[in-house]
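Survey of secondary and tertiary structure
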Amino acid sequence: MTNTAAMPARVTPPRPDRPRRHRAKRPPLFVVIGLCVAVMAAAGYTAWTFFAPEDNGSPLVITEPGRLVADQTVERPIEVAADNVTIRAVVLNAGGSAALRIRPGVQGTVIEDTEIRCTTRETDGIVPGGYTALRVSTYGCREPYAQTAEAPAVIVESRHDGQPYGAQATPPVVAAPTPGPSGVGAFGPAPSGSPSPSASRSPGSGPVTLPSSWPNERNTGVPAGTRLTNSGSLELKKDGQVVSGLNINGCVDVRAKNVTIRKSKITCNRSTYSIRTYDTTVNLVVEDVEINGGGQNSAAVCCGNYTLRRVNIHNVIDGPRLGSRVTIVDSWIHDLARASGSHNDALQTTGASNIVIRHNRLDTYKASTGDPFNACLMVGSTTGPQVSNLTFEDNYCNGGNYSINIRDDTNASNIVFRRNVFGRDFRYGVVARHNLPGVTWEASNVYFDNKQPVVTD
């Protein structure tokens, strides 16, 4: 029998030529995912769909100002809760009350090259307003692009259920195209059976010459001899601030009361507006200013609480957007910029009140290309319940499919047209739906060339 207690324990010394290996600890999986997301965010992307449950009813809320959400599919509603958010090249599939909601007070939202599919018939597309939609397509949405008078939207080259959004249904043709100097209509022969215009310009009569008292290059914009100091974009936040004598290579945002911009030139290439007003803006005055939209501005000025005097506006897709408490006098809007699918208007309102448009020159027709664009003034109540207290008087207007185009669904109250003169370079006629309830069209509205009333009924 062996006595194990008396035997020494066997010890194996470590081998000096084989150092002990220490296995590195792997970081937890959630740390790896977090680092990946951080890298993508730094590159300007947010991969929301990687860890968002599909259409679980809770929205994806964007709370970081300036965030870019791009190149992905999102399977639940989105809420924008921060300023200057851009949603680009996104496919959004969502139900609920709205697929994409802009929270009240949020500014600067841009949605571009994006597809929105509403998964129920009760779902709206984008609500409620204060955004810019560029090349957006919506499908199956109850209200594809909602807006409000306080927060109007800019909708450019966008579609709903495969059809261009905002394109006006072509009204019945009431006049053949205007004859040009050669006697051939600028848009080819009139459709078969179309009535002849009641008072056409004679073939070969050539363009009209306006008296020098009308707004022109000499009495609008920066006065001759003014010295300008170069400036970049401006954000005006101080009540009572006066900006004068600047050559602004950029855009202007106004967030204060009683701001004045005068004797300055603004060259702004952003896709929204050269001058933007906000909820905090009260009584902005812009006078003796030139606005060049660089062929990019969806509207020269937007949206309310401003006055323009002797302003020269050109190279924009649309001229000023007419929100509430807007006055435009002695100004010249001309040479609009045609974009693919655009429906250019010198002036447009989609739901507002207390608007005065007096003694302006609205040259919608572009003689160099024979393009009449859409309208000198487009009126509708698509973003607000009503258009009320709008006075349009003593203006010169030439061009447009209809020079004055009033939507058939306009809820109008006290809209008055008087003492305006019209050229003949329209496509269909001077005015569409002049006799809607709430619209007053006076006999003092006449053709420029023969001073005969435009409407005689």
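Position numbers for residues count from 1 along each chain, tracking the sequence in the order it is written. Totals for whole chains, interfaces and linings use all residues, but because this is a predicted model, local features are given only for residues with pLDDT of at least 70 and pairs of side-chain atoms are given and counted only at 80 or more. Note that the side-chain values use all heavy atoms of the structure and ignore hydrogens as well as water.

This part takes up the overall build of the chain. Of the regular secondary structure elements, the chain holds one helix and 38 strands. Taking all 457 residues of the chain together, the buried fraction comes to 51%. We call two residues in contact when some of their heavy atoms are within 4.5 Å. Long-range contacts, defined here as pairs at least 24 residues apart, represent 50% of the contacts in the chain between residues at least 6 apart. Per-residue and other accessible areas were derived by the Shrake-Rupley procedure at a 1.4 Å probe size, with only the shown protein chains allowed to occlude residues. In the form shown here, the chain has an accessible surface area of approximately 21,900 Å², with 50% of it arising from carbon and sulfur atoms. Think of it this way: any DSSP run of H or I at least four residues long counts as a helix, any run of E at least two long counts as a strand, and we number them from the N terminus. Buried, partly exposed and exposed residues are distinguished by accessible area as a fraction of the type maximum, computed with a 1.4 Å probe on protein chains only: under 20%, between the cut-offs, and over 50%, respectively.

Looking now at the sheet that holds strand 33 (residues 402–406). One bridge is not enough; two strands pair if DSSP finds at least two bridges between them. Ordered in space as 27-30-33-36, the four strands form an open sheet in which the pairing is parallel. Every interior strand has two partners, whereas the edge strands, strand 27 (345–349) and strand 36 (429–432), have only one. Strand-to-strand twist across the sheet, computed as the mean angle between neighbouring axes with direction ignored, equals 5 degrees. For helices, the fitted line uses only the C-alpha atoms of the stretch in contact; every axis is such a line through C-alpha atoms, and the angle between N-to-C directions lies from 0 to 180 degrees.

Glancing now at the environment of lysine 366. Residue placement: lysine 366 occurs in the loop between strand 29 (361–363) and strand 30 (375–379). By relative accessible area, which is 25% here, lysine 366 ends up partly exposed. Residues lysine 366 and asparagine 398, 32 residues apart in the sequence, show an inter-C-alpha distance of 9.5 Å. If we ignore the near neighbours within four places in the chain, the residues touching lysine 366 are Asp335, Leu336, Asp371 and Phe373.

Cysteine sulfur atoms are paired as a disulfide whenever they come within 2.5 Å of each other. Here the structure, examined in full by the defined rule, presents four disulfides. The disulfide partner of cysteine 118 is cysteine 141, and the S-S distance across this bridge is 2.0 Å. Disulfide cysteine 118-cysteine 141: the torsion about the S-S bond is 85 degrees, which places it as right-handed. Taken together, the residues cysteine 118 in strand 7 (residues 115–118) and cysteine 141 in the loop between strand 10 (137–139) and strand 11 (154–156) connect sequence positions 23 residues apart.

Now for the packing of aromatic side chains. Two descriptors summarise a pair of aromatic rings, namely the distance from one centre to the other and the angle between the planes of the rings. By convention, a stacked pair of Phe, Tyr or Trp rings (six-membered ring in the case of Trp) has centres within 6.5 Å and planes under 30 degrees apart, an edge-to-face pair has planes over 60 apart, and any other such pair is tilted. With the rule as written, the count across this model stands at seven aromatic pairs. Note on tyrosine 396 and phenylalanine 448: the rings are 5.7 Å apart at their centroids and 80 degrees apart in plane angle, and the pair reads as edge-to-face. Residue tyrosine 396 is located in strand 32 (residues 396–398), and its partner phenylalanine 448 is located in the segment after strand 38 (446–447); the two are separated by 52 residues in the primary sequence. The pair formed by tyrosine 396 and phenylalanine 448 is uniform in burial state, with each residue classed as buried. Consider the rings of tyrosine 402 and tyrosine 428, whose centres lie 5.9 Å apart with planes at 35 degrees: the pair is tilted. On the criterion of sequence distance, the pair formed by tyrosine 402 in strand 33 and tyrosine 428 in the loop between strand 35 (421–422) and strand 36 is long-range, its members being 26 residues apart.

This paragraph deals with the environment of proline 128. Position of proline 128 among the secondary structure elements: in the loop between strand 8 (124–127) and strand 9 (131–134). Sequence separation between proline 128 and arginine 101 is 27 residues; the distance between their C-alpha atoms is 6.7 Å. Excluding residues that lie within four positions of it along the chain, proline 128 makes contacts with Ile102, Ala146, Gln147, Thr148 and Ala151.

Averaged over the chain, the pLDDT score is 81; the fraction of residues at 70 or greater is 78%. On a range of 0 to 100, pLDDT expresses the predictor's confidence in each residue. When mean pLDDT is taken per element in the chain, strand 24 (residues 312–314) scores highest with 98 and helix 1 (residues 29–42) scores lowest with 49. Ignoring residues within four places in sequence, the model shows residues 18–22, a span with pLDDT below 50, making zero contacts including any to other chains.

Here we come to the side chain of threonine 86. For threonine 86, the position within the fold is in strand 4 (residues 86–94). Relative accessible area serves as the criterion here: at 18%, threonine 86 is assigned to the buried category. Once residues within four sequence positions are removed from consideration, threonine 86 is found in contact with Arg67, Leu68, Val69, Val110 and Glu112.

Strands sit in the order 1-3-5-8 across an open sheet of four strands; the sheet is parallel. Both edges of this open sheet fall to strand 1 (60–62) and strand 8, since each of them pairs with a single strand only. Within this sheet the neighbouring strands show an average axis-to-axis angle of 10 degrees, counted without direction. In this sheet, strand 5 (residues 98–102) lies alongside strand 3 (residues 78–80) in parallel orientation, the contact comprising three bridges. Looking at strand 5, one finds that isoleucine 78 is bridged to leucine 100.

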